[in-house]
Amino acid sequence: TAGTVLIAGSVDGDLTATGGSVTVTGNITGNVTATGGSVIIEGTVDGDLTATGGDVHVREAATVGGVVEATGGTILVEGMIDSDTRLDGESVTVGPTATIGGDLTYSADETTISEDAEITGDVTETDRNTGMAPFSNVSLPDIPEIVVTPLVNVYLFFANFLLGAILLMGTPRFSDRVSEQ
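Everything quoted here is computed from the prediction, not taken from an experiment.

### Brief notes about the overall build of the chain
- Secondary structure assignment for the chain yields 1 helix and 15 strands.
- Within the chain, the fraction of its 181 residues that count as buried is 36%.
- Long-range contacts, defined as pairs at least 24 residues apart, comprise 8% of the intrachain contacts of the chain with a sequence gap of at least 6.

### A short note on the pairing of strand β7 (residues 49-58)
- Judged by how many residues are buried, β7 sits mostly within the fold: 8 of 10 residues are covered.
- In terms of strand pairing, strand β5 (residues 32-41) meets β7 through 9 bridges, oriented parallel. If you follow G36 over to β7, its bridge partner there is G53.
- With 9 bridges connecting them, β7 and strand β9 (residues 68-77) associate as parallel partners. Paired with T50 across the strands is E69, a residue of β9.

### A closer look at the packing of aromatic side chains
- In the structure shown here, the tally under the stated rule is 1 aromatic pair.
- Aromatic side chains F157 and F158 sit 5.3 Å apart centroid to centroid with 75° between the ring planes, which places their arrangement in the edge-to-face category.
- Judged by relative accessible area, F157 falls into the exposed class, the value being 52%.

### Things to note about the sheet that holds strand β11 (residues 85-94)
- Taken in spatial order, the 8 strands line up as β1-β3-β5-β7-β9-β11-β13-β15 in an open sheet, and their pairing is parallel. Two strands bound the open sheet, and with one partner strand each, they are β1 (2-7) and β15 (123-125). Along the sheet, successive strands turn relative to each other by an average axial angle of 20°, direction set aside.
- Sheet topology note: the β11/strand β13 (residues 104-113) ladder contains 9 bridges and is parallel. By the bridge assignment for β13, L87 is matched with Y106.

Calculation notes
- Residue indices begin from 1 for each chain and proceed along its sequence in written order.
- Local features in a predicted model are, by the rule used here, given only for residues with pLDDT of at least 70; side-chain atom pairs are given and counted only at 80 or more, and totals for whole chains, interfaces and linings are based on all residues.
- Values shown for side chains rest on all heavy atoms present in the structure; no hydrogens or waters enter the calculation.
- Secondary structure elements are taken from DSSP: a helix is a run of H or I of four residues or more, a strand is a run of E of two residues or more, and numbering for both begins at the N terminus.
- We call a residue buried when its accessible area falls under 20% of the maximum for its residue type, exposed when it is over 50%, and partly exposed in between, using a 1.4 Å probe and counting protein chains only.
- For this analysis, residues touch if any pair of their heavy atoms sits within 4.5 Å.
- The criterion for strand pairing is that DSSP finds at least two bridges linking the strands in question.
- Whether two aromatic rings pair depends on their centres lying within 6.5 Å, for rings of Phe, Tyr and Trp, where Trp uses its six-membered ring; planes under 30 degrees apart make the pair stacked, over 60 edge-to-face, and the rest tilted.
- The convention used is that axes are lines fitted to C-alpha atoms, helices contributing only their stretch in contact, and that angles between N-to-C directions extend from 0 to 180 degrees.

Structure follows, in structure tokens:
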């Protein structure tokens, strides 16, 4: 958990990452749950990928061995996905280099699916305006309590620091007004 999370090495097992941006360029042997302002997958994920962010990008060099569930503003798939893919975003693009080895289910205000993309299964569009979340089982990852407490403490420190700085800047003016009266 951080402002920017970069996974450039290998992870033997599952990965849960939350940050302002999450980029996976390495190899993950398990499942990946990534939440961020942007989520970029460039490496290999042997298991499932659940990505939630402002933008979700599965780049051309990426390979995902399991199911992909991506929710965000702009979703772009250019890599290889071996199983079913469910995409929900304001904009969904499946590029010409994309390979999807299962069904593609998508929900978007704007959609582009390249004719050159290889999709083995069925392609299904769902309605975004039904009032129901299209992928109700997609959720934010659980953040361990051991991480929450330090994050709250850091937030409170900076909030108090900022408040103190504002008060220090405002104090000379207040003192001048009091002395004038």
